[in-house]
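Okay, here's what each chain looks like letter by letter:
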Amino acid sequence: MPMIGFGVFQITDLQLCEQVVSDAISVGYRLLDTASVYKNESAVGAAIHKSGIPREEFFVTSKAYMPEMGYEKTKEAFERTLSKMGLDYLDLYLIHQPFADYYGAWRAMEELYKKGLIRAIGVSNFPSDRIIDLCYNTDTIPAVNQIELHPFYQREDELEILKEYKIQPQAWAPFAEGLNNMFSNPVLTKIANTHGKSVAQVILRWNVERNVITIPKSTHKNRMEENFNIWDFELSDNDMAEISKLDLHRPQMLDTRNPNEVKRVYGFKDNPVITSL
Ligand SMILES: NC(=O)c1ccc[n+]([C@@H]2O[C@H](COP(=O)([O-])OP(=O)(O)OC[C@H]3O[C@@H](n4cnc5c(N)ncnc54)[C@H](OP(=O)(O)O)[C@@H]3O)[C@@H](O)[C@H]2O)c1
């Protein structure tokens, strides 16, 4: 699994999405991260096919959303995803949220995994207690937990638990989508200037040094290149210590433990995009 991938959340225009993914592939990205709820799986699949690069060189991730949870529904959802992407297997399939009948979903995913239709199965947005509970009640330990993780929400304790269970952490929104002026943060800017790198590169490198896989999103090719090229420098212990002080110790984007947030996520009942899954 590559340490750096490319995410396509909020790129809903299919033509733009295909172009952006084609650009990302030409830059060198091979891990592509989509989800049924992003409504752009077909564009990601089209860009893979048009690249002419053999399928096995890619690492393709998609995710099943709440209306797709449950043994039968997840099997159907997986078929739908494969068909939209024009693929005959996925490298990684994730339960998108720790809600709804995800145990039923997991049983379906285990079957698909055993049949070789999914190379690895995992979860997303699972707090540690939910992960541990899942591990105690299923035959297959999740390969990955994809979670909100960035310098303002570092989740040190949770990373320790994932390590204990040998679950690979993957950071979504590694830049927190630029919230709290992430790209002009003085601490990150100072470290970036020391190394002659950008703030984005420092953030991605900080993840690599914590063994966290990232999936930054950009619609700009120059930024895709910048985000991909983080292999010629290392952060010092002092840099890591300075970054650790930026932790606000709480989610900035999605708190699956907050009742109002759960209601917001379940707003799909009024959301035509999600009800049409
Ligand atoms: N599992 C989940 O629940 C979940 C939730 C959210 C996201 N994700 C995944 O994680 C991926 C990444 O998260 P995200 O898209 O929310 O946010 P993100 O990667 O933290 O931030 C993307 C934003 O940063 C900007 N950007 C990217 N590179 C930059 C650079 N080098 N310099 C300055 N600005 C830069 C982008 O602008 P431009 O596009 O204009 O360049 C975009 O506005 C998603 O695409 C998705 O695949 C998963």
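Up top is the structure.
1. Here's the deal with the overall build of the protein chain
Right, on to step 1. Helix and strand content of the protein chain: twelve helices and eight strands.
Right, on to step 2. Against the 2.2 N^0.38 benchmark of 19 Å for 277 residues, the protein chain shows a C-alpha radius of gyration of 18 Å, consistent with a compact globule.
Right, on to step 3. The C-alpha extent of the protein chain, read off along each of the three principal axes, is 55 × 40 × 35 Å.
Right, on to step 4. Out of the 277 residues belonging to the protein chain, those deemed buried represent 55%.

2. Remarks on the layout of surface pockets
Right, on to step 1. The volume enclosed by the largest pocket comes to roughly 1100 Å³.
Right, on to step 2. Along the walls of the largest pocket sit 41 residues, with F9, Q10, W172, E177 and M253 positioned nearest its centre.
Right, on to step 3. For the lining of the largest pocket, the elements supplying multiple residues, two or more each, are helix 8 (199-209), helix 9 (221-228), helix 11 (259-265) and helix 12 (272-275).
Right, on to step 4. If you tally residues by element for the lining of the largest pocket, the top one is helix 9, at three residues.
Right, on to step 5. For the second largest pocket, the calculated volume is near 230 Å³.
Right, on to step 6. Around the second largest pocket sit E156, L159, E160, L162, K163, K166, I167, Q168, P169, R210 and N211, which together line it.
Right, on to step 7. Listed by contribution, the elements that provide at least two residues to the lining of the second largest pocket are helix 6 (156-164) and strand 7 (168-172).
Right, on to step 8. Each residue belonging to the lining of the second largest pocket can be placed in one class, and the counts come to four nonpolar, two polar and five charged.

3. A closer look at the nonpolar core
Right, on to step 1. F6, V21 and I95 are the most contacted members of the largest nonpolar core, which has 88 residues in total.
Right, on to step 2. With seven residues, helix 8 is the single largest residue contributor to this core.
Right, on to step 3. Setting aside chain neighbours within four positions, we find F6 in contact with V20, V21, A24, Y29, L31, L32, D33, I215, P216, K217, S218 and M224.

4. So, the environment of K75
Right, on to step 1. As for its placement among the helices and strands, K75 is situated in helix 3 (residues 71-85).
Right, on to step 2. Through-space distance from the C-alpha of K75 to that of R107 is 9.6 Å; in sequence the pair is 32 residues apart.
Right, on to step 3. Non-local contacts of K75, meaning those with residues more than four positions away in its chain, are made with A108 and E111.

Basis of the calculations
Residues numbered from 1 in each chain as written. Predicted model: local features only at pLDDT ≥ 70, side-chain atom pairs only at ≥ 80, totals over all residues. Heavy atoms only, no water. Helix = DSSP H or I, 4+ residues; strand = E, 2+ residues; numbered from the N terminus. Rg over C-alpha atoms; globule rule 2.2 N^0.38 Å. Buried < 20%, exposed > 50% of the residue type's maximum accessible area, 1.4 Å probe, protein only. 1 Å grid on protein atoms, 1.4 Å probe; cavity = no way out; pocket = protein on both sides within 12 Å on 5 of 7 lines; lining within 4 Å. Points joined across faces, edges and corners; volume = space filled by probe spheres on them. Nonpolar A, V, L, I, M, F, W, Y, C, P; charged D, E, K, R; others polar. Core = buried A, V, L, I, M, F, W, Y, C linked by side-chain atoms within 4.5 Å. Contact = heavy atoms within 4.5 Å.

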